[in-house]
Amino acid sequence: MTKEEIIKILASDEPDFLEEVYARAYQVKLKYVGKKVYFRGIIEFSNICRKDCLYCGIRRSNKNLSRFSMPKEEIVETALIAYKAGYGSVLLQSGERADGEFIDFIEDVLKSIKRLTSKELGITLSLGEQSPETYKRWFQAGAHRYLLRIETSNKALYQHIHPDGHDYDIRLNCLKFLKDIGYQVGTGVMIGLPGQTLEDLAEDIFFFQREDIDMIGMGPYIVHKDTPLIDKYKIDSERNFSLGLKMIASVRLQLKDVNIAATTALQALDRTGREKGLKAGANIIMPNITPSEYRDKYQLYEGKPCIKEDALACDDCLKNRLLSVGEEIGYKRWGDSPHFFKRWKFAKR
Ligand code: 5AD
Ligand code: FES
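Computed from a predicted model, the values in this text were never measured in an experiment.

(A) Structural context of the nonpolar core. With 94 residues, the main nonpolar core has Leu92, Leu125, Trp138 and Tyr183 as its most contacted residues. Per element, the largest residue contribution to this core is nine residues, and it comes from helix H10 (residues 237-255). Once residues within four sequence positions are removed from consideration, Leu92 is found in contact with Ile43, Phe45, Ile75, Val109, Leu110, Ile113, Ile123, Thr124, Leu125, Ser126 and Leu127. Formed by eight residues, the second largest nonpolar core is a distinct cluster that contains Leu91, Met215, Ala261 and Ile284.

Set out below in structure tokens:
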């Protein structure tokens, strides 16, 4: 699609036109990545963060929050619960740290999970910006996918929402390191950020394409009351939600063979948001399996669903919901992005 064609989708509020777009995106999904929905159990194991992103509830300067780090045994135990439930992979996410103790800790956790699951459980990391050496160590210890959202590909907007020592080019380099090391690489953006235009969002899609990204995770921006962005801007949640679906469909139509997540932020704004995401072209769901005692301390945004539930409490509910809307679940499979294999084959030649 041209930029104008993408903007036409993003700007539309014509139900008939949008239904047709979602149906087309769904067909493209069936053709390029298949019908199955893959689960990644997400373990949010620590809210300690060295960064201070203006939009994020666990930013360093938020003092209305007690900080936690799950012990290694508990992280591994939670991963094993997911494994036994037939999830093909888990996602380890936390605030950003890059000290030696943390790097060793993650390496240790990765090796234990791999050992205890006969290397069967796939592990994705979402631990922010790190050195190439660290990325390499974690890859060798068993992680095979990495998520690092660019948040917005508009450099000026990026700097505006990350005034604290973040640098757009460093983040971009991280994505390149990750790809070179051999990770399947995911990125994504927040949708409906203050000051973000439809043109920016269309450019985000071209960014994913240019950077040859394997996996996309995007969600509506949602305010958090303990962040600096709350006071300055009025956010239209309904608009952001529907933009979220339109972005999923546009990315599916444009990139075709990538994995796309129906993210929790969609569910935060609409009870059946994730199911709607799947119908608009997404093929990945990330059920939260963090033990319940930690969940309320990991609120990146407000209204995060299911914060009182425990590890697999959401599992049955989710399965029933998916089956009821005619989706199929891919158990015990990593559900890798087909795009990765094409990219890798090509790169190796
Ligand atoms: N609204 C929506 N998404 C958010 N994230 C962080 N804060 C918010 C917010 N207020 C997203 C960022 C980050 C991911 C882990 O969570 O995109 O990369
Ligand atoms: Fe922790 Fe942005 S606030 S990485």
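(B) Local environment of the pairing of strand S8 (residues 259-262). Burial of S8 is two-sided: the residues Asn259 and Ala261 facing one way and the residues Ile260 and Ala262 facing the other way are all buried. Where S8 lies against strand S9 (residues 284-285), two bridges are found, and the strand directions are parallel. For Ala262, the partnering residue across the bridge sits in S9 and is Ile285.

(C) Focus on the environment of Thr263. Looking at the secondary structure, you find Thr263 in the loop between S8 and helix H11 (264-269). Measuring from C-alpha to C-alpha, the distance between Thr263 and Gly219 comes to 6.0 Å, with 44 residues separating the pair along the chain. In this structure, Thr263 is in contact with Arg149, Gly217, Met218, Gly219 and Arg274, ignoring residues within four places of it in sequence. Here Met218 takes part through its backbone oxygen, which lies 2.9 Å from a polar atom of the side chain of Thr263.

(D) Region of interest: the site of ligand 1. Taken together, Tyr55, Cys56, Gln93, Arg149, Glu151, Met190, Pro220, Tyr221, Ile222, Leu300 and Tyr301 are the residues near ligand 1. Measuring from an oxygen atom of ligand 1, one finds a side-chain N or O atom of Arg149 at 2.7 Å. In the model, an oxygen atom of ligand 1 is placed 2.5 Å from a nitrogen or oxygen of the Glu151 side chain. Per-class residue counts for the shell around ligand 1 are eight nonpolar, one polar and two charged.

(E) Main features of the packing of aromatic side chains. Evaluation of the coordinates by the stated rule reveals 11 aromatic pairs. Arranged with centres 6.3 Å apart and planes meeting at 80°, the rings of Phe39 and Tyr331 form a pair that is edge-to-face. In this pair, Phe39 sits in strand S1 (residues 36-46) while Tyr331 sits in the loop between strand S10 (328-329) and helix H15 (338-348), placing the two residues 292 residues apart along the sequence. Given a relative accessible area of 2%, Phe39 falls into the buried group. For Tyr331, a relative accessible area of 33% gives the class partly exposed.

What counts, and at which threshold
- Residues numbered from 1 in each chain as written.
- Chains lettered and ligands numbered in written order.
- Predicted model: local features only at pLDDT ≥ 70, side-chain atom pairs only at ≥ 80, totals over all residues.
- Heavy atoms only, no water.
- Core = buried A, V, L, I, M, F, W, Y, C linked by side-chain atoms within 4.5 Å.
- Buried < 20%, exposed > 50% of the residue type's maximum accessible area, 1.4 Å probe, protein only.
- Helix = DSSP H or I, 4+ residues; strand = E, 2+ residues; numbered from the N terminus.
- Contact = heavy atoms within 4.5 Å.
- Pairing = 2+ DSSP bridges.
- Polar contact = N/O pair within 3.5 Å; in protein donor to acceptor, adjacent residues only side chain to side chain.
- Near = heavy atom within 4 Å.
- Nonpolar A, V, L, I, M, F, W, Y, C, P; charged D, E, K, R; others polar.
- Phe/Tyr/Trp six-rings, centres within 6.5 Å; stacked < 30°, edge-to-face > 60°.

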